[in-house]
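Below are the chains, spelled out letter by letter.
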Amino acid sequence: LPERDSTSYVIQSWDTASKQGLLNSFSVCTTWLVHKKNYYLLHVLRKRMTFPELVAAAESLAQEFKPRHILIEDASSGTGLAQTIKVKH
């Protein structure tokens, strides 16, 4: 895995679910290092979460990995997540 330098950057991609129950989908965040047109998977979060937990997880992972871009699905709870993060930052 290459070191993060001025020619590389990190992106995060969120696919969110709208409910926490056992029969519902997981929210997933993947974190990638992009280096010289190659993509390296750094971290995966896969969890059923309430909306407040989702916001906290997104903020925590953004702080930990300092991504250049955060991609959030514009559907379900992803729309609310994008609006909440945008307001706070």
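Heads up: these notes are all about the structure in this document. (Residues numbered from 1 in each chain as written. Predicted model: local features only at pLDDT ≥ 70, side-chain atom pairs only at ≥ 80, totals over all residues. Heavy atoms only, no water.)

Trp-14, Leu-45, Met-49, Leu-61 and Leu-81 are the most contacted members of the largest nonpolar core, which has 14 residues in total. Contributions of two or more residues to this core are made by β1 (8-15), β2 (27-35), α1 (51-65) and α2 (77-88). (Core = buried A, V, L, I, M, F, W, Y, C linked by side-chain atoms within 4.5 Å. Buried < 20%, exposed > 50% of the residue type's maximum accessible area, 1.4 Å probe, protein only. Helix = DSSP H or I, 4+ residues; strand = E, 2+ residues; numbered from the N terminus.)

This part covers the sheet that holds β2. Either a parallel or an antiparallel arrangement is found when strands of a sheet pair, and the pairing is made through backbone hydrogen bonds. Across the sheet, which stays open at both edges, the four strands sit in the order β3-β2-β1-β4 with mixed pairing between neighbours. With partners counted over all chains shown, the strands left at the sheet margins are β3 (38-47) and β4 (69-72), one partner each. Direction aside, neighbouring strands of the sheet carry axes that sit 15° apart on average. Summarising the sheet, β2 and β3 pair through nine bridges and their orientation is antiparallel. Its bridge partner being in β3, Val-34 is matched across the sheet by Tyr-39. Its contacts with the sheet put α1 on β1, β2, β3 and β4, and the angle it makes with β1 is roughly 170°. (Pairing = 2+ DSSP bridges. Axes fitted to C-alpha atoms, helices over the stretch in contact; angles between N-to-C directions. Contact = heavy atoms within 4.5 Å.)

What follows is about the pairing of β1. In this sheet, β2 lies alongside β1 in antiparallel orientation, the contact comprising eight bridges. Looking across to β2, one finds that Trp-14 is bridged to Cys-29. Taken together, the four bridges between β1 and β4 define a ladder with parallel strand orientation. Bridging across to β4, Trp-14 finds its partner in Ile-72.

Within the secondary structure layout, Leu-41 lies in strand β3. The exposure class of Leu-41 is partly exposed, given its relative accessible area of 44%. With 40 residues separating them along the chain, Leu-41 and Leu-1 place their C-alpha atoms 9.4 Å apart. Discounting chain neighbours no more than four positions away, the residues touching Leu-41 are Thr-30, Thr-31 and Trp-32.

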